[in-house]
Amino acid sequence: MFEQAGRRTQVMGILNVTEDSFSDGGRYIDFDKAIEHAFALRDAGADLIDVGGESTRPGAVRVPEEIEHARVIPVVEELSRAGIVTSVDTMRASVASAAVAAGASLINDVSGGQADPDMLQAMADAQVPVCLMHWQTDRFGDASGAHHREHVIADVRTHLLSLVDAATRAGIDQSRICLDPGLGFAKTADNNWSLLRHLDEIQDLGFPLLIGASRKRFLTELGGDRDAATAAVTAIVAHQGVWAVRVHDVAGSAMAVQVAERIRSGGRSN
Ligand code: PMM
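Residues numbered from 1 in each chain as written. Predicted model: local features only at pLDDT ≥ 70, side-chain atom pairs only at ≥ 80, totals over all residues. Heavy atoms only, no water.

## Topic: the pairing of strand S8 (residues 244-247)
Link 1 in the chain: Burial along S8 is two-sided: Ala244 and Arg246 and Val245 and Val247, pointing in opposite directions, are all buried.
Link 2 in the chain: Alignment of strand S1 (residues 10-16) against S8, held across four bridges, turns out to be parallel. In the strand pairing of S8, Gly13 is matched with Val247.
Link 3 in the chain: Alignment of strand S7 (residues 210-211) against S8, held across two bridges, turns out to be parallel. Across the sheet, residue Leu210 finds its bridge partner in S8, namely Ala244. (Buried < 20%, exposed > 50% of the residue type's maximum accessible area, 1.4 Å probe, protein only. Helix = DSSP H or I, 4+ residues; strand = E, 2+ residues; numbered from the N terminus. Pairing = 2+ DSSP bridges.)

## What about the pairing of strand S5 (residues 130-133)?
Link 1 in the chain: Where burial is concerned, the two faces of S5 agree: the one with Val130 and Leu132 and the one with Cys131 and Met133 are both buried.
Link 2 in the chain: The pairing of strand S4 (residues 106-109) with S5 spans three bridges and is parallel. By the bridge assignment for S5, Asn108 is matched with Cys131.
Link 3 in the chain: Regarding the hand of the β-α-β motif, the stretch spanning S4, helix H5 (residues 119-126) and S5 is right-handed. (Right-handed = clockwise from strand over helix to strand, strands pointing away.)

## Quick look at the pattern of salt bridges
Link 1 in the chain: Across all of its chains, the model carries 14 salt bridges by this definition.
Link 2 in the chain: Measuring nitrogen to oxygen at the nearest pair gives 4.0 Å for the salt bridge that ties Glu54 to Arg92. In this pair, Glu54 sits in the loop between strand S2 (48-52) and helix H3 (65-81) while Arg92 sits in the loop between strand S3 (86-89) and helix H4 (93-101), placing the two residues 38 residues apart along the sequence. The exposure classification of Glu54 matches that of Arg92, with both residues buried.
Link 3 in the chain: Linking Arg92 and Glu65 is a salt bridge whose minimum nitrogen-to-oxygen distance equals 4.0 Å. Of this pair, Arg92 sits in the loop between S3 and H4 while Glu65 sits in helix H3, placing them 27 residues apart in sequence. (Salt bridge = Lys/Arg side-chain N within 4 Å of Asp/Glu carboxyl O.)

By themselves, these observations are geometric and do not establish any function.
Have a look at this one:
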C-alpha cells in the first residue's frame, strides 16, 4: 500500500458510521445510507474509504464494543464486495481483526495501538498496513482537552517513535507502518499549525504520513468554508509528498492533490 515511490497522495474518504451521521438521531444506523455515501465518496475520487463506528470528538463517550462491530463490519464487508478499498478506524483489537477478515486493507488506530492491550498483536496477526496516530493521553489525563505543548514537534516525534518501537516489538514490520501527527487530538490550534509548518521534521522519521485536518476546529476558526480550508491544507501537504489525507469532502481534496502533483512534476501530466 505504501511502497509505490513517487505515487501521488492518496485521498482517504471518511465514512463515520455513527449516530450523528447515518441515523434518525437514535442508535439505529441506516446501513443503506452509509453505503450510498461511500459510493459517493468513491465517485468523487476517494482512493480508499476509512470506516469508523465511534466518534473521537472531544467529549464523545465510547460506544459498546458490540455496537461498534454492528456498525462497522457489515459496511466493510459490503464495500469490499463492491471492490472498494477500505481502512478501519478503530481503537479495538476485535473490531480491527473482524474488519480485516471482512476485507479491510488497513487498520487506522487513533491511539497508535495503545488503547487496547490486544491491538498490537491483532495488527501483527492481520498482516495489513497500519496507521499509528499521535494522541498522547497519558501525561495530561484528559485526552480530549486541548493541551498546549511547548515543544510540540519534539513531543510528537518522540511519541511516534515510541509507538513504532512498541509496534515493532509486537512483530509489525516497519514497512507496514504509517504515522499520523494527530491534528486536533489534545492539541491547541497553534500546535496544529506548528505541526503543519514543520511537517518535514515528522517526515524525517522516515515513514509514510497520513494527515487528518478535515473540518477540524483549528480550520473552522478561520471562518468561511471549512472544506475549502481543508482542500488548502491538502494541496500543501500533498506538495510535500505525504502518503494520504483523510477528508470528508473528497472532491475538493482530490482536486488539490491534482494541483499539487502538477506543480511537483513541473506541469507534465501523469
Ligand atoms: N481524526 C479523526 C478520526 N480518525 N484518524 C487518523 N488517522 N487521523 C485523524 O486525524 C483522525 C482519525 C476525527 O475526525 P472526524 O471525527 O472528523 O472523523
